[in-house]
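Here is what each chain is made of, one letter per residue.
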Amino acid sequence: MTTHELSDVPGLPAAPSLLLYAHERTEPLLREAVGGLQPELRRVCGYHFGWTQPNGSPTYGVTPEPLLRAALALYAAGAGESGRDGGGPENSTAAALPGAAAVELVHNWATLHDDVMDGEALRRGRSAVWAVYGTGWAVLAGDALLGAASRCLLPAEPAGENGAPAAVNGRAHPGAPSRPLAEPFGTVSAEPAESRPDNAAMLRLLTRTTSRLVGGRSAELALRRRAPEGISMEEYAAVAAARSSSLLECALAGGALLGGADERVVETLTRAGHHLGIAAQAARDIEDLWSGTALSGRPVMSGLREGGPSLPLIAALRAGNPAARTLAESLGGGPACPPPPDELAALIENAGGRAAAREISAWQLTEALTQLDKAALPPASHAALRALFRHAVSGGG
């Protein structure tokens, strides 16, 4: 399936088809990035991506995680094609591929570390990496993917053993072992750096994004020490923006940047990503309380049990009605003695928390779509991103 075939789909393109295209274009780069790692890390990361069993043998019938962030980057790249009506013309898509792969690698770095910090034993319906290989390998695998993300955007240069430069000042690297621990990596971005000025800008954007992710995680952990009734909507939105919006902003802005879009479009898509991330996080909080395993592969209320800020709970506690007071009283025992899950969900819903979270998510999605309209993209790019925005909120991502 090509981008042009997707552009020919009548009406609004279907998000699954758009995600399939992004998967077909981006997965080879992800496999190349993982293939450049040390053998044990290749096995751990291959398992994390769903490509292999714990022993390294291939998997069959495992549904891979949709590459939403890669899809956003690839279709945002069409923003630079002002003279064409393509949802992702091949030349702009090719330019955005390193950025699409890099954003997905950063996302997987974050999920590997999140599972360790949360003690979450399931990831997409399979045992999490730390539960299979131990926390040390999970942390190392995440760090390896973060490094690989940067290398996607750097110019290719010959690599020596263990990923070190082949030579220093014309001499062999003194720490090089007799046999390489990893295959040379760096063929993802084969053009000279000077011919790819936007790659450097994308790398700066990616670096800022990783800093925001770390800061957001830190802020979230700090909120876990506080009683939920003391957390404001503004504090929730700030954490959601850092934890969820940041990568979506990076994908949209980075894709447009690599596709040759002007600064106005890049800034507008950044604002769209900000609102989209909060909308998607609010939807995930609703899912955590009332859907659980059916959509995410995680047990019901896993996020709430971990103590993370939950929008339905925060909204319910601030409702000021009798049901909100009953809910607050039920939480008086603290996180160690929560009410039974069904009872807690019913209390939150009775206080209006579920309805309020839905309203906030819908409003944030509307704002994201409004910013997308303001970007004035080519029609097919606009339609593709519009479908992906809605999918990110209603279909997971």
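What comes next concerns the included structure. Since the model is a prediction, treat every value here as computed from it, not as a measurement. The numbers attached to residues start from 1 for each chain and follow its sequence in the written order. In keeping with the model being predicted, local features are shown solely for residues with a pLDDT of at least 70 and side-chain atom pairs are shown and tallied solely at 80 or more, while totals for entire chains, interfaces and linings include all residues. Computation of side-chain values: all heavy atoms of the structure, hydrogens and water removed.

## Regarding the overall build of the chain
Right, so step 1: Per the convention used, a helix needs a DSSP run of H or I reaching at least four residues, while a strand needs a run of E reaching at least two, with both numbered from the N terminus. When helices and strands are tallied, the chain shows 17 helices and four strands.
Right, so step 2: The 397 residues of the chain split such that 50% are buried.
Right, so step 3: Long-range contacts, defined here as pairs at least 24 residues apart, represent 73% of the contacts in the chain between residues at least 6 apart.
Right, so step 4: Throughout, the Shrake-Rupley method with a 1.4 Å probe supplies accessible areas, and for residues the shown protein chains are the sole cover considered. Summed over all atoms, the accessible surface of the chain reaches about 17,200 Å², with 56% contributed by carbon and sulfur. Categorising residues by exposure relies on relative accessible area from a 1.4 Å probe, with only protein chains included: less than 20% of the type maximum marks a residue as buried, more than 50% marks it as exposed, and the intermediate range marks it as partly exposed. What makes two residues a contact is simply this: any of their non-hydrogen atoms within 4.5 Å.

## Some remarks on the environment of Leu112
Right, so step 1: Along the chain, Leu112 turns up in helix α5 (residues 90–118).
Right, so step 2: Judged by relative accessible area, Leu112 falls into the buried class, the value being 3%.
Right, so step 3: Expressed as a C-alpha distance, the spacing of Leu112 and Asp143, which sit 31 residues apart in the sequence, is 9.1 Å.

## A short note on empty space enclosed by the protein
Right, so step 1: In this analysis, the protein atoms alone were mapped onto a 1 Å grid. Cavities are point sets where a 1.4 Å probe fits without being able to get out; pockets are open sets with protein on both sides within 12 Å along at least five of seven lines; lining residues have an atom within 4 Å of a point. Grid points are joined across faces, edges and corners, and a volume is the space filled by probe spheres set on the points. A full pass over the atoms with the stated rule returns one cavity of 30 Å³ or more.
Right, so step 2: As for the largest cavity, its lining consists of His23, Glu27, Leu30, Phe49, Trp51, Pro64, Glu65, Leu67, Glu104, Asn108 and Arg124.
Right, so step 3: Broken down by secondary-structure element, the contributors of at least two residues to the lining of the largest cavity are α2 (15–35) and α5.
Right, so step 4: Ranked by residue count, the leading element in the lining of the largest cavity is α2, at three residues.
Right, so step 5: Gly falls in the polar group here, along with every residue not listed as nonpolar (Ala, Val, Leu, Ile, Met, Phe, Trp, Tyr, Cys, Pro) or charged (Asp, Glu, Lys, Arg). Class assignment of the residues belonging to the lining of the largest cavity gives a composition of five nonpolar, two polar and four charged.

## Notes on the packing of aromatic side chains
Right, so step 1: Two rings belonging to Phe, Tyr or Trp (six-membered ring only in the last case) form a pair when the distance between their centres is within 6.5 Å. Interplanar angles under 30 degrees mark stacking, angles over 60 mark edge-to-face geometry, and anything in between is tilted. Inspection of the entire model under this criterion finds three aromatic pairs.
Right, so step 2: Here Phe49 and Trp51 contribute two aromatic rings whose centre-to-centre distance is 4.7 Å and whose plane-to-plane angle is 10°, an arrangement assigned as stacked. You'll find Phe49 and Trp51 in the same group, each marked buried.
Right, so step 3: We call a charge positioned above a ring when the Lys NZ or Arg CZ atom is no farther than 6 Å from the ring centre and deviates by at most 35 degrees from the ring normal. Here the guanidinium or amino end of Arg31 rests over the ring plane of Trp51, the centre of that ring lying 4.4 Å away.

## Things to note about the pattern of salt bridges
Right, so step 1: In what follows, salt bridge is the name for a side-chain nitrogen of Lys or Arg lying within 4 Å of a carboxyl oxygen of Asp or Glu. Summed over all chains, the structure comprises 14 salt bridges.
Right, so step 2: Salt-bridge contacts for Arg212 lead to Glu249; the nearest nitrogen and oxygen are separated by 2.9 Å. Remark: Glu249 occurs in helix α9 (residues 233–258) and Arg212 occurs in helix α8 (residues 197–224); sequence separation between them is 37 residues.
Right, so step 3: According to the relative accessible area criterion, Arg212 is partly exposed, its value standing at 32%.
Right, so step 4: Glu249 sits in the buried class, given a relative accessible area of 9%.
Right, so step 5: Residue Arg226 is joined to Glu235 by a salt bridge in which the shortest nitrogen-to-oxygen separation is 2.7 Å.
Right, so step 6: Of the residues examined, Arg226 reaches a relative accessible area of 37% and is grouped as partly exposed.
Right, so step 7: In this structure Glu235 comes out as partly exposed when scored by relative accessible area, which is 26%.
Right, so step 8: Each of Asp114, Asp118, Arg217, Glu220, Arg224 and Arg243 takes part in one network of salt bridges that share partners.

## Considering α9
Right, so step 1: Here α9 spans 35 Å end to end across 26 residues, near enough to the 38 Å set by a 1.5 Å rise per residue.
Right, so step 2: Fitting axes to the seven residues ending at a residue and to the seven starting there, one defines the bend at that residue as the angle between these axes. At Ser245, α9 shows its largest bend, some 50°.
Right, so step 3: Of all 26 residues making up α9, 20 are buried, and the element is well covered by its neighbours.
Right, so step 4: Gly260, located one to two residues past α9, shows a positive phi value of around 95°. Expected helix span is given by 1.5 Å per residue-to-residue step, counting one fewer step than there are residues.

## Some words on the packing of helix α3 (residues 39–48) against helix α7 (residues 135–152)
Right, so step 1: Axis lines are fitted to C-alpha atoms, over the contacting stretch for helices. Their N-to-C directions set the angle, which ranges from 0 to 180 degrees. For the pair α3 and α7, interaxial distance at closest approach is 10 Å and the crossing angle is 95°. Judged on the interaxial angle alone, α7 and α3 are roughly perpendicular. Here Glu40, Leu41, Val44 and Cys45 of α3 come into contact with α7, specifically with Trp137, Leu140, Ala141, Ala144 and Leu145.
Right, so step 2: Partitioning the contact of α3 with α7 into residue classes produces eight nonpolar, no polar and one charged. Just so you know how the angles are binned, under 35 degrees is roughly parallel, over 145 roughly antiparallel, 65 to 115 roughly perpendicular, and the rest oblique.

## Concerning the packing of α2 against helix α17 (residues 379–394)
Right, so step 1: One way to put it is that α2 packs onto α17 with a least axis distance of 9 Å and a crossing angle of 100°. One element, α2, and the other, α17, form an angle in the roughly perpendicular class. Contacts between α2 and α17 involve Ala15, Leu18 and Leu19 from the first element and Ala384, Ala387, Leu388 and His391 from the second.
Right, so step 2: Its residues assigned to classes, the contact of α2 with α17 comprises six nonpolar, one polar and no charged.

## Section: unusual backbone geometry
Right, so step 1: Positioned with a positive phi, Arg124 is a non-glycine residue whose angle comes to about 55°.
Right, so step 2: Summarising the element assignment, Arg124 is placed in the loop between β1 (122–123) and β2 (126–127).
Right, so step 3: The partly exposed category is assigned to Arg124, whose relative accessible area is 25%.

## Things to note about the side chain of Thr209
Right, so step 1: Summarising the element assignment, Thr209 is placed in helix α8.
Right, so step 2: Judged by its relative accessible area of 4%, Thr209 is buried.
Right, so step 3: In contact with Thr209, not counting residues within four places along its chain, are Ser246, Leu247 and Cys250.

## Let's talk about helix α4 (residues 68–76)
Right, so step 1: Of all nine residues making up α4, nine are buried, and the element is well covered by its neighbours.
Right, so step 2: Among the residues of α4, Leu68, Arg69, Ala70, Ala71, Leu72, Ala73, Leu74, Tyr75 and Ala76 are the ones counted as buried.

## Regarding the side chain of Asn108
Right, so step 1: Considering the arrangement of structural elements, one finds Asn108 in helix α5.
Right, so step 2: Residues in contact with Asn108, not counting those within four places in the same chain, are His48, Phe49, Glu65, Arg124 and Leu145.

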